[in-house]
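Below, each chain spelled out in residue letters.
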Amino acid sequence: QHKDAYQAILDGVKGGAKEKRLAAQFIPKFFKHFPELADSAINAQLDLCEDEDVSIRRQAIKELPQFATGDNLPRVADILTQLLQSDDSAEFNLVNNALLSIFKMDAKGTLGGLFSQILQGEDIVRERAIKFLSTKLKTLPDEVMTKEVEEFILTESKKVLEDVTGEEFVLFMKILSGLKSLQTVSGRQQLVELVAEQADLEQTFNPSDPDCVDRLLQCTRQAVPLFSKNVHSTKFVTYFCEHVLPNLSSLTTPVEGLDIQLEVLKLLAEMSSFCGDMEKLESNLKKLFDKLLEYMPLPPEEAENGENAGNEEPKLQFSYVECLLYSFHQLGRKLPDFLTAKLNAEKLKDFKIRLQYFARGLQVYIRQLRLALQGKTGEALKTEENKIKVVALKITNNINVLIKDLFHIPPSYKSTVTLSWKPVQKADASQKRASEDTTSSSPPKKASAGPKRDARQIYNPPSGKYSSNLGSFSYEQRGGFRGGRGRGWGGRGNRSRGRIY
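Residues numbered from 1 in each chain as written. Predicted model: local features only at pLDDT ≥ 70, side-chain atom pairs only at ≥ 80, totals over all residues. Heavy atoms only, no water.

Looking at an unreviewed UniProt entry, one finds the protein chain named Apoptosis inhibitor 5 and attributed to Spheniscus mendiculus. What the UniProt record of the protein chain gives under Subcellular location (unreviewed entry) is the line "Nucleus". The record held by UniProt for the protein chain lists under Sequence similarities (unreviewed entry) the comment "Belongs to the API5 family." (UniProt positions renumbered as here; feature names shortened; annotations may be inferred.)

Q: Mind showing me how you'd approach the overall build of the protein chain here?
A: In terms of regular secondary structure, the protein chain is built from 22 helices and zero strands. Within the protein chain, the proportion of its 501 residues that are buried is 51%. By element, 49% of the accessible surface of the protein chain is carried by carbon and sulfur atoms, the whole surface being about 23800 Å². (Helix = DSSP H or I, 4+ residues; strand = E, 2+ residues; numbered from the N terminus. Buried < 20%, exposed > 50% of the residue type's maximum accessible area, 1.4 Å probe, protein only. Areas by Shrake-Rupley, 256 points an atom, 1.4 Å probe, with all protein chains shown as cover.)

Q: Help me understand the packing of aromatic side chains in this model?
A: One pair of aromatic rings is described through two measures. These are the centre distance and the angle between the planes. This structure, assessed with the given rule, holds 15 aromatic pairs. Centre to centre, the rings of F289 and F351 are 4.9 Å apart; their planes meet at 65 degrees, and the pair counts as edge-to-face. Of the two residues, F289 sits in helix 15 (residues 281-294) while F351 sits in helix 18 (residues 345-373), which places them 62 residues apart along the sequence. Each member of the pair, F289 as well as F351, is classed as buried. Taking the centre distance of 5.0 Å and the plane angle of 10 degrees together, the rings of F318 and Y365 count as stacked. On the criterion of sequence distance, the pair formed by F318 in helix 16 (residues 318-332) and Y365 in helix 18 is long-range, its members being 47 residues apart. Here Y365 falls in the buried class, since its relative accessible area comes to 3%. Connected via pairs of aromatic rings, a cluster forms that spans F289, F328, F338 and F351. (Phe/Tyr/Trp six-rings, centres within 6.5 Å; stacked < 30°, edge-to-face > 60°.)

Q: Help me out: how do you make sense of the side chain of T220 in this one?
A: On the secondary structure map, T220 appears in helix 12 (residues 210-223). Take T220: its relative accessible area is 0%, and that puts it in the buried class. Once you skip the residues sitting within four places of it in the chain, T220 turns out to touch F236, F240, L267 and M271. (Contact = heavy atoms within 4.5 Å.)

Q: Would you mind showing me how to read the packing of helix 7 (residues 107-120) against helix 8 (residues 123-136) here?
A: Helix packing geometry: the angle between the two helix axes and the distance between the axes. Across the interface, helix 7 lies against helix 8 with an axial gap of 8 Å and an inter-helix angle of 140 degrees. Taken together, the axis directions place helix 7 and helix 8 in an arrangement best described as oblique. Judged by the twist between their axes, the crossing of helix 7 over helix 8 is left-handed. Across the interface between the two elements, L111, L114, F115, Q117, I118 and L119 from helix 7 touch V125, R126, A129, I130, F132 and L133 from helix 8. (Axes fitted to C-alpha atoms, helices over the stretch in contact; angles between N-to-C directions. Parallel < 35°, antiparallel > 145°, perpendicular 65-115°, else oblique. Left-handed = near helix turned anticlockwise from the far one by under 90°.)

Q: Explain helix 6 (residues 89-105) to me, please; I cannot follow it from the model alone.
A: An α-helical turn contains 3.6 residues, so any two residues separated by three or four positions project in the same direction. Between its terminal C-alpha atoms helix 6 stretches 25 Å, which fits the 24 Å expected from 17 residues at 1.5 Å a residue. For helix 6, every residue scored as buried is listed here: E91, V95, N96, A98, L99, L100, I102 and F103. Check the buried side of helix 6 and you find it contacts helix 4 (54-63), helix 5 (72-82), helix 7 and helix 8. The N-terminus of helix 6 is capped by D88, whose side-chain oxygen sits 3.2 Å from the backbone nitrogen of A90. (Expected span 1.5 Å × (residues − 1). Polar contact = N/O pair within 3.5 Å; in protein donor to acceptor, adjacent residues only side chain to side chain.)

Q: Is there a simple way to think about helix 4 in this case?
A: Among the residues of helix 4, those classed as buried are I56, R57, A60, I61 and E63. Buried residues of helix 4, seen end-on, are gathered within an arc of 165 degrees and therefore sit on one face of the element. Packing partners of the buried residues in helix 4 comprise helix 2 (17-30), helix 3 (38-49), helix 5 and helix 6. (Arc of directions from axis to C-beta.)

Q: In this structure, what is going on with the environment of K104? I would like to understand it.
A: Structurally, K104 is set in helix 6. The spacing of K104 and E143 is 39 residues in sequence and 8.8 Å in space, taken between C-alpha atoms.

Q: What should I look at first to understand the side chain of S86 in this one?
A: Relative to the assigned elements, S86 resides in the loop between helix 5 and helix 6. Among the polar contacts made by the side chain of S86, one reaches the main-chain amide nitrogen of D88 at a distance of 3.1 Å. When near neighbours in sequence (up to four residues on either side) are disregarded, S86 contacts E91, F92 and R128.

Q: Please clarify how the nonpolar core should be interpreted in this entry.
A: Soluble, globular proteins show a tendency: their nonpolar side chains are buried together. Among the nonpolar cores identified, the biggest contains 147 residues, and I27, L80, F236, F328 and L339 are the most heavily contacted of them. When residues of this core are assigned to their parent elements, the largest contribution, eleven residues, is made by helix 18. Dropping the residues within four chain positions of it, I27 is found in contact with Y6, I9, L10, V13, A41, A44, Q45, L48 and F67. (Core = buried A, V, L, I, M, F, W, Y, C linked by side-chain atoms within 4.5 Å.)

Q: Even after reading the chapter, I still don't get unusual backbone geometry, so can you show me in this structure?
A: Outside of glycine, negative phi angles account for most residues, and trans bonds account for most peptide bonds. The omega torsion across I409 and P410 is -10 degrees, close enough to zero to call that bond cis. Residue placement: P410 occurs in the loop between helix 19 (384-407) and helix 20 (429-435). Notably, D200 is not glycine yet its phi reads approximately 55 degrees, a positive angle. For D200, the location among the structural elements is in the loop between helix 11 (185-199) and helix 12.

Q: I keep staring at the state of the cysteines and nothing clicks. Help me out?
A: Here, the word disulfide means a covalent bond between the sulfur atoms of two cysteines. Inspection of the entire model under this criterion finds zero disulfides. Of all cysteine sulfurs, the one in C241 lies closest to C275, which takes part in no disulfide; the gap is 7.6 Å. (Disulfide = S-S within 2.5 Å.)

Q: What should I look at first to understand the pattern of salt bridges in this one?
A: Side chains that carry opposite charge are capable of pairing whenever their charged atoms lie near each other. Taken as a whole, this structure holds 18 salt bridges when the rule is applied. Put simply, R58 and D88 hold a salt bridge, and the shortest N to O gap is 3.0 Å. Placement of R58 in helix 4 and of D88 in the loop between helix 5 and helix 6 is noted, with a sequence separation of 30 residues between them. For R58, a relative accessible area of 30% puts it in the partly exposed group. E270 is the partner of K422 in a salt bridge, and the nearest nitrogen-oxygen pair spans 3.1 Å. (Salt bridge = Lys/Arg side-chain N within 4 Å of Asp/Glu carboxyl O.)

Right under this line is the structure:
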């Protein structure tokens, strides 16, 4: 007789609003007593989850976790995942809470439901399920997120990563890099390999295809935080030297307003510190050196073609040079005799003339910046103009330190500098000495103290035409001194998933 009574409750879903409300409460309440009616009960509750009356839907959703017993749990997780597409905020929150509550009952079963929808569901469901994982997993306690559960997430994520948009890829990297089991050296190494696979470093690089360029950049951005002295960036640095640098000037990007060349050089600079043993080190160092020369002009009177023999000074692109010089300095440590033994005497002499010319410009420019920032503190430093000057001072000081190193006989690679767009690391005294005031988090204070040790000139600045012209030095206006990252692949998730990207 009880079975008949329960069946009557199930039939209530076809009745009016009052019957449905009662059914939404009583179907889950007595569900466990009628295993033979389990399918009918879940289907009846599902009908209520799709009712036109929002209050009935909310009641039905709230009770769904009560059906999540044994073999039914993955199915309930699957249903709840589909319900993430709700546009009603109260309903959406109920779905989130219901998913979290069944997560605590059986994490793997719940993940099974989520991943099955990510792999096969509608785009909106897929998108919200990925977002759910990227925001909620990190809130779950350790007893839920066991090693076995984390391994399951990694295995399932790899399946999804075979076919993702750029935005989805970024979210999955956020999910995976948050897993405790991947915080180890071998875990981070695994993540780097995943990113390298996604970046498709075996493919021929096409600089004129914005998608190809953007994909490489976005993947590299995900890899950069994973590199360390134990997790090497060699594969990426090699690819950048061999395929990207030679094509630097022809790179295209779909991101409006992004200085794509500077973005590439910044990523290369950040990775160069963690490069391991490189197979073709000399040839890649040569490519880097040649690219550096392009941004290190000869003094006007020494230009062979006479083009600059007039009054016009070459434009010094400090942001580009900081990146290239830093990368050259980092990789040069691995082949310290590159400048002396691998270049002929004429080439080395030419390089030193360029360095000297650049250093002269730097000295004047550093003095101008110090003067402009002298005595300014607090609010005064927060104006857009002064922020740019503070970063400009970091950039020019960094270049100054690196040029001094290369002027040693033989060239030295010992100094340490913090790239201008990176947060300042606390350095020990010897590092502070080596990088002079570049490691200070408040360059203006140093500036106000008057000319310090590093304000001494390496070379006597030229008089006349050169120095008077320097007042009009134009540093890159297109964000050359800005440390802001590009927006990446963003907003392009509506692309078909037929292609990875």
